[in-house]
Structure formats: structure tokens, C-alpha cells
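# Inside the fold
These are the residues of each chain, in order.
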Amino acid sequence: MSQRVFLQSGDQAVQRSLGEQLLARGFFLAEAPDGADLLLYEATQDSAGLLCAELRSRGCAQPLLLLGLGAEAARAAGADDGLAKPFRFGDLLRCL
């Protein structure tokens, strides 16, 4: 069974590119966080803590990977992992 991934980026080109690459690797894209097995959110240092708190308060218990923050900063914000920019798609796949 393939993983359902919810992907959220503020950059539509990044959203489209990552989405296409995930689909090509056999992942499914979920339309909402509650329908996903894994959450991928693009975040900044300033927005990460609030984003994580909001998702967790809404009951999102799925693994949360923040794109744009290193692993340590993402975990400090409340995510399960992070991937600092710039990153290669292969690096993202290893995190999944």
C-alpha cells in the first residue's frame, strides 16, 4: 500500500514539482491533512512552532516533516523531522 502524503507549500511551483515527483514514485497525494499518512509542510523558523501547534491541536497525529528547517529546528518546533533547503528530491525520499 502506498503512502498518502499531504503536501503544503507557499510556492506553487514547488508544490507542483514535488507533487509530480511524489506521484511518479508511487505516493498518493491527499487533499487534506486528516486523509494523509504523512504531512509535508514548507515552513520558516518563524512559522514552524505555530504551524505544529495548530496541526496537533486539530488532532493531526501523523508524522510531520517540515521542509525548510533542519531536523533539530523542526523537532524543537514540534515536528517529527525537518529537511533544510536547498535539498535534493532523493534527500526527501530518504526522510519518508
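Above this note sits the structure.
The residue numbering used here restarts from 1 in each chain and proceeds along that chain's sequence as written. With pLDDT at 70 or above as the cut-off, local features in this predicted model cover only qualifying residues; side-chain atom pairs require 80 or more to be listed or tallied, and sums for whole chains, interfaces and linings still use all residues. Note that the side-chain values use all heavy atoms of the structure and ignore hydrogens as well as water.

### Section: the nonpolar core
Ranked by internal contacts, the top residues of the largest apolar core, which has 17 residues, are Leu39, Tyr41, Leu64 and Leu66. Going along the chain from the N terminus, every DSSP run of H or I of four or more residues is numbered as a helix, and every run of E of two or more is numbered as a strand. Broken down by secondary-structure element, the contributors of at least two residues to this core are β3 (38-42), α2 (45-57), β4 (64-67) and α3 (71-77). The element best represented in this core is α2, accounting for 4 residues. One finds Leu18, Leu22, Leu65 and Leu92 within the second-largest nonpolar core, a separate group that totals 12 residues. Only buried Ala, Val, Leu, Ile, Met, Phe, Trp, Tyr and Cys residues count toward a nonpolar core, and they belong to the same one when joined by side-chain atoms within 4.5 Å. Accessibility here uses a 1.4 Å probe with only protein chains present; expressed as a share of the type maximum, an area under 20% marks a residue as buried, one over 50% as exposed, and anything in between as partly exposed.

### Some thoughts on the packing of aromatic side chains
Pairing of aromatic side chains here covers Phe, Tyr and the six-membered ring of Trp, requires ring centres within 6.5 Å, and sorts the geometry by plane angle: under 30 degrees stacked, over 60 edge-to-face, intermediate tilted. Applying the stated rule across the entire model yields 1 aromatic pair. With centroids separated by 5.6 Å and ring planes inclined at 50 degrees, the aromatic side chains of phenylalanine 6 and tyrosine 41 adopt a geometry described as tilted. Taken together, the residues span a long stretch of sequence, with phenylalanine 6 in strand β1 (residues 4-8) and tyrosine 41 in strand β3 at a distance of 35 residues. One exposure class covers both phenylalanine 6 and tyrosine 41, and it is buried.

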